[in-house]
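Understanding the architecture of this molecule
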Amino acid sequence: MSDRRVFVLGGGISKMAAERPDGNIRDWVVEAAMEAVKDAGVEIADIEHATTSYFSDHFDKQLKQGAIFHDCIGMCPKPNVRVEGGGGTGGLAIRNAYAYIKAGLCDSMIVYGSENMGRHVPSDVAQQFIALASDTDWEVQVAGFYIAYYALMMLSHMEKYGTKEEQFALASVKNHRNAMYNEYAQSPMKITVDDVMNSPLITSPYKILDNCLLSDGASCLIFATEEWAKTHSTSWYRKPRIELVGTGSGTDYMRLADRPFPYPGITHFRAKKFASEQAYKMAGIKNPAKELDCFEVHDAYSGVELVSCEDLRLCGYGQSGKLYEEGYFDIGGEIPINTSGGLIGMGHPVGATGINQGIEVLTQLREEAHPQRQVKLTNGQGGMDSHGGTGTYVAVNIFRRVD
Amino acid sequence: MAKNVFQDPEKTLYPKLPKIEDIDPKDRGMVKTKLQVFTADDPIGPKLSYNPINREDQDPWKDFREIMRIEWNMEITYRHSLGKYSKFFIELENKKFFATECPKCGFVWAIPRPVCPDCLEICKWKELPGTGTLVSFSVSEFVPGFMDVETPYVLAMVKMDGADSLFTHQLRNWGTERTKIKTGMPVKVVYTKEPVIHPMLLMWYEPA
């Protein structure tokens, strides 16, 4: 591999909300890009390449949307590619930036992601669009939808390891709490395990407060080589330098039913294990829970976060439930997870989600987060895990502060 | 329970969206599909106690807050082919449950596959007895409306006898006590007597 190194120069987020009719999807991308350019101290005219990250053409009834985002921020006639992998879209877009810069196709890249999931369509239609991301011939027709698939997985985890619903609820409590210190977050809430347990049942064992959010919003990251940054970024000498040091990706069978036993069976995310091992190896990480200071985990549902921690090797198989009780994943714990609020507290505008995660890790490693959610840096390394379908597409990226 | 902010109407930043039929056509002005014109708030709101981006007190987008919403209808109908999977659906009408078997590795895919993904060999059709064991399930109190299913309903993952992978379908007629649904219990494929809109609905599971 080439010895070019890839750095994150800056990031920007537009406010996440259930509904943002004050603008539309292209406006949010512009908001996020304006923040990112300011944060990175660069001129948009100097950036050489773009990657577009959005999941669904249906939500905004617009195909080839990337071309609109691209021209709204003055990137024409420079190159742009779209990356798509369901909920993993944003993480894959970051990996794409790494590949393009590493390969020498460009020295700088802007990555922007967004999703319009709000009230342009009734929530029922939104559910229908999301269901189209599972196998429409075989699983949608039998009334399979994502909460139900994940419920099947969680029931299997509960049976296999004795995990309790209250332990799943702790992930929701933590993520809503962390969101209280993130002004871009959609759902800051001070709640208890009882509040989660008593909220309306959707699909056993999931209650409404176990779920992630349908969100409007966008986010943006800017990547470049060191040489490019030195000549084009005014913040290069002012802000801590954050390098993208590891990236991994994995996949699994589209349908849960087809996955091999005993591992992953319908309990685990094989793609996540596969992706994280690549990323850890690249970054030289042997014990992720000890060597990483924070991790943004794809918490589409509270139980997904618990299972993910196990497949990301942040804890042993079957141990996550007990460790949630001990505060192992809280701010101040061994490995704080979803300091931003995650998909449950921050929001889940699908194409933007992975990029939100990257921005949170950037913010944490620069020590720019709200004091109530800032983690203590010991190794100056953080990770993010972006996941589509029931772990059908996964991207894991590792960032390191290089002082 | 705690107030759920994303369900609390008082927390909604914007006026509730009216139904177009509730709006007097003369109030729609020159636009037949106009739902509303309103002034949107700054979604981040007034300067918060902590603001990492040091945004000015003033709303930078104040000249762009007059918003119009319209209703835009689209209807889509597909002429969908079931392709190389068709035999499975055709045989369901004959009350037969077919899977596919890889001639090379012998793996039987319960959700049929024309080609074994492990060997890239063309598979053979194989009839199964239509019985199996419940591996996992979820009981839903909610289902997206387009799915047209009465709640509560049960989504089941079943290990079919004679197959190596699982098969997903609804478990029906399980009675009224959901504690009676247990993993490991025997189930069987039942075929419909009523016409259906999709051939996948020609079958479901029931306790055996």
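Only a predicted model underlies this, so the values are computations on that prediction, with no experimental measurement involved.

1. Quick notes on the UniProt feature "domain: ChsH2 C-terminal OB-fold" (unreviewed entry) in chain B
As annotated in UniProt, the feature "domain: ChsH2 C-terminal OB-fold" (unreviewed entry) corresponds to residues 125-191 of chain B in the numbering used here. Secondary structure across residues 125-191 of chain B comprises 0% helix and 51% strand; the distance between its end C-alpha atoms is 20 Å.

2. Quick notes on the interface of chain A and chain B
Listed by partner, the interface residues are 59 residues for chain A and 66 residues for chain B. Summed over both partners, the interface of chain A with chain B comes to about 5,400 Å²; 66% of that surface belongs to carbon and sulfur atoms. When the buried area of chain A at its contact with chain B is split by residue, Trp138, Val142 and Glu183 of chain A rank highest and sum to 14% of it. Taken together, chain A and chain B are joined by 3 salt bridges. Close ionic contact of arginine 69 of chain B with glutamate 19 of chain A constitutes a salt bridge, the shortest N to O distance being 3.1 Å. Taken together, the connections running from chain A to chain B amount to 15 residue pairs in polar contact (both at pLDDT 80 or more). Every element with two or more residues in the side of chain A that touches chain B is listed here: helix 1 (25-40), helix 4 (123-131), helix 5 (146-161) and strand 5 (201-203) of chain A.

3. Considerations on the sheet that holds strand 8 (residues 241-251) of chain A
In any sheet, the strands associate via hydrogen bonds between backbone groups, in a parallel or an antiparallel arrangement. All names here are of chain A. Strand order in the open sheet made by the 9 strands is 3-2-4-7-1-8-11-10-9, with mixed pairing throughout. The outermost strands of the open sheet, each flanked by one partner alone, are strand 3 (80-83) and strand 9 (294-296). In this sheet, neighbouring strand axes are inclined to one another by 25 degrees on average, regardless of whether the strands run parallel or antiparallel. Sheet strands in contact with helix 14 (residues 350-365) are strand 1 (7-13), strand 2 (49-53), strand 4 (108-116), strand 7 (216-224), strand 8, strand 9, strand 10 (381-388) and strand 11 (393-402), and its direction is about 55 degrees off that of strand 7.

4. Describing the UniProt feature "domain: Thiolase C-terminal" (unreviewed entry) in chain A
Here the UniProt-annotated "domain: Thiolase C-terminal" (unreviewed entry) positions come out as residues 266-399 of chain A. For the annotated span residues 266-399 of chain A, helix accounts for 40% and strand for 13% of the residues, and the straight-line distance between the end C-alpha atoms is 30 Å.

5. Side note on the confidence of the model for chain B
All names here are of chain B. Averaged over every residue, the pLDDT of chain B is 88; the share at 70 or more is 87%. Scored below 50 in pLDDT, residues 1-10 makes 21 contacts in the model with residues more than four places away or belonging to other chains. This stretch, residues 49-53, has a pLDDT under 50; its non-local contacts, to residues over four places away or in other chains, come to 12 contacts.

Criteria and thresholds
Residues numbered from 1 in each chain as written. Chains lettered and ligands numbered in written order. Predicted model: local features only at pLDDT ≥ 70, side-chain atom pairs only at ≥ 80, totals over all residues. Heavy atoms only, no water. UniProt positions renumbered as here; feature names shortened; annotations may be inferred. Helix = DSSP H or I, 4+ residues; strand = E, 2+ residues; numbered from the N terminus. Contact = heavy atoms within 4.5 Å. Buried area = accessible area lost by both parts, 1.4 Å probe. Salt bridge = Lys/Arg side-chain N within 4 Å of Asp/Glu carboxyl O. Polar contact = N/O pair within 3.5 Å; in protein donor to acceptor, adjacent residues only side chain to side chain. Pairing = 2+ DSSP bridges. Axes fitted to C-alpha atoms, helices over the stretch in contact; angles between N-to-C directions. pLDDT = per-residue confidence, 0-100.

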